[in-house]
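Residue-level structural notes
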Amino acid sequence: MVLVGIGLVATWTFFAGPPGVGHFRSAEGRIDYLSAYQDSMDRLPEPTDTHDLRTSHGTIRVYEWATDLNRGETPILLVPGRASGVPMWMDNLENLAGERRVLAFDALGDSGLSEQAVPFEEFTDQAHPIDDVVSALAPEGVHLMGHSFGGAVASAYAHEYPERTATLTLLDPVFTLANPSPEMLWWSVVASLPGLPGAWRETALERIGGAEIDSEEDRDEPMTRMITAATAHYQAAVPQPSPLTDDQLERLSMPVYVALASRDSLAGGQDAVERAESLTDSTVKVWPDTTHSLPMQAAGELEPELLRFFADQDR
């Protein structure tokens, strides 16, 4: 009965979303989160530039990695998953930034160093501040890449601004091609509930990410600490996405690369595969031995494949 009550409360919060803007629930929670965030950022390659850009819905923190050789090329713009922020790309950035200019930001309405000032009324509203970022830093367009909920946000942007989306890459996207399984949806909503006992939150995050947190060393990992602190202390304020309609899929005419996890995927299983293959110009791959943490688990093999995909489209 306790779990049923938790599920009902969490499901309402997850789908309806709270009113207002994203915020930390306490000063202590913010300090805890920022410590883990900085420790996580310290593991990334040193950015060449850091931008705090004023947008239609608040100030977005954007990190940039660029060299004199690649500044003139179409950059990659990374859209993070829920409660992840820029540090989620730590296993991918070195390989991507070694070849391409890369821009990565913390999402408005979610944990990170971006500061939301105006509520989102609809899910697609999130595309507009992202376009403010693109206008300022890459007005000729971007290779857009999103993971998890970031895939849904990236798809919304590509739908709203196709002329600025050179390519669209979706890494196990949630609520984009299909709905997650009921089991994976359950763990996702439970993990978002404030006041959840630590052991229960840990179990939920393990099921979502597909990796066990089975030692103190794992718990002390900066990314683990950061995501745990985000789910415990930050009240996100982003509307819930819905899978794209057939008409919306048809209008995604740019080249699209879709990477799906082979097990414990949140993207929607075989339904997601079939709908991805129905896109006008799609490359679809189910990555073996991966879960929803696909970008981390496929690191080292994923980036070269994506870089070839971007280069082919540039030509």
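Figured I'd write up the structure that's included with this text.

Basis of the calculations
- Residues numbered from 1 in each chain as written.
- Predicted model: local features only at pLDDT ≥ 70, side-chain atom pairs only at ≥ 80, totals over all residues.
- Heavy atoms only, no water.
- Axes fitted to C-alpha atoms, helices over the stretch in contact; angles between N-to-C directions.
- Helix = DSSP H or I, 4+ residues; strand = E, 2+ residues; numbered from the N terminus.
- Parallel < 35°, antiparallel > 145°, perpendicular 65-115°, else oblique.
- Contact = heavy atoms within 4.5 Å.
- Nonpolar A, V, L, I, M, F, W, Y, C, P; charged D, E, K, R; others polar.
- Polar contact = N/O pair within 3.5 Å; in protein donor to acceptor, adjacent residues only side chain to side chain.
- Phe/Tyr/Trp six-rings, centres within 6.5 Å; stacked < 30°, edge-to-face > 60°.
- Buried < 20%, exposed > 50% of the residue type's maximum accessible area, 1.4 Å probe, protein only.
- Lys NZ or Arg CZ within 6 Å of the ring centre and 35° of its normal.
- Core = buried A, V, L, I, M, F, W, Y, C linked by side-chain atoms within 4.5 Å.

1. Things to note about the packing of helix α4 (residues 127-137) against helix α5 (residues 149-160)
Running from N to C, α4 and α5 cross one another at 75°; their axes reach a closest spacing of 9 Å. Between α4 and α5, the angle is such that the two are roughly perpendicular. Contacts between α4 and α5 involve Ala 127, His 128, Ile 130, Asp 131 and Val 134 from the first element and Val 153, Ala 156, Tyr 157 and Glu 160 from the second. Partitioning the contact of α4 with α5 into residue classes produces six nonpolar, one polar and two charged.

2. Points about the side chain of Ser 148
Along the chain, Ser 148 turns up in the loop between β7 (142-147) and α5. For Ser 148, the side chain forms a polar contact with the side chain of His 292, separated by 2.8 Å. Beyond its immediate stretch of four places on either side in the chain, Ser 148 contacts Gly 81, Leu 171, Asp 172, Pro 173, Val 174 and His 292.

3. A look at the packing of aromatic side chains
On inspection of all chains with the given rule, the structure shows eight aromatic pairs. Arranged with centres 5.9 Å apart and planes meeting at 40°, the rings of Phe 149 and Phe 175 form a pair that is tilted. Taken together, the residues span a long stretch of sequence, with Phe 149 in helix α5 and Phe 175 in the loop between β8 (165-171) and α6 (182-191) at a distance of 26 residues. For Phe 149, a relative accessible area of 8% corresponds to the buried category. Each member of the aromatic cluster is reached from another via a ring pair, and the members are Phe 24, Tyr 33, Tyr 37 and Tyr 234. One residue, Arg 82, lies across the ring of Phe 149, its end atom 4.2 Å from the ring centre. Just above the ring of Trp 287 sits the side chain of Lys 285; from NZ or CZ to the centre is 3.7 Å.

4. A look at unusual backbone geometry
At Ala 83, a position not held by glycine, the phi torsion is positive, near 60°. The exposure class assigned to Ala 83 is buried, which follows from its relative accessible area of 7%. We note that Asp 172 has phi near 40°; this positive angle belongs to a residue other than glycine. As for its position among the elements, Asp 172 is in the loop between β8 and α6.

5. A short note on the nonpolar core
Core analysis: the biggest nonpolar cluster contains 42 residues, and Val 62, Leu 77, Leu 144, Leu 168 and Val 258 have the highest contact counts within it. A per-element tally of this core places α5 first, with six residues. Those residues within four positions of Leu 168 in sequence are excluded, and the remaining contacts are Leu 144, Ala 154, Ser 155, Ala 158, Leu 252, Met 254, Pro 255, Val 256 and Tyr 257.

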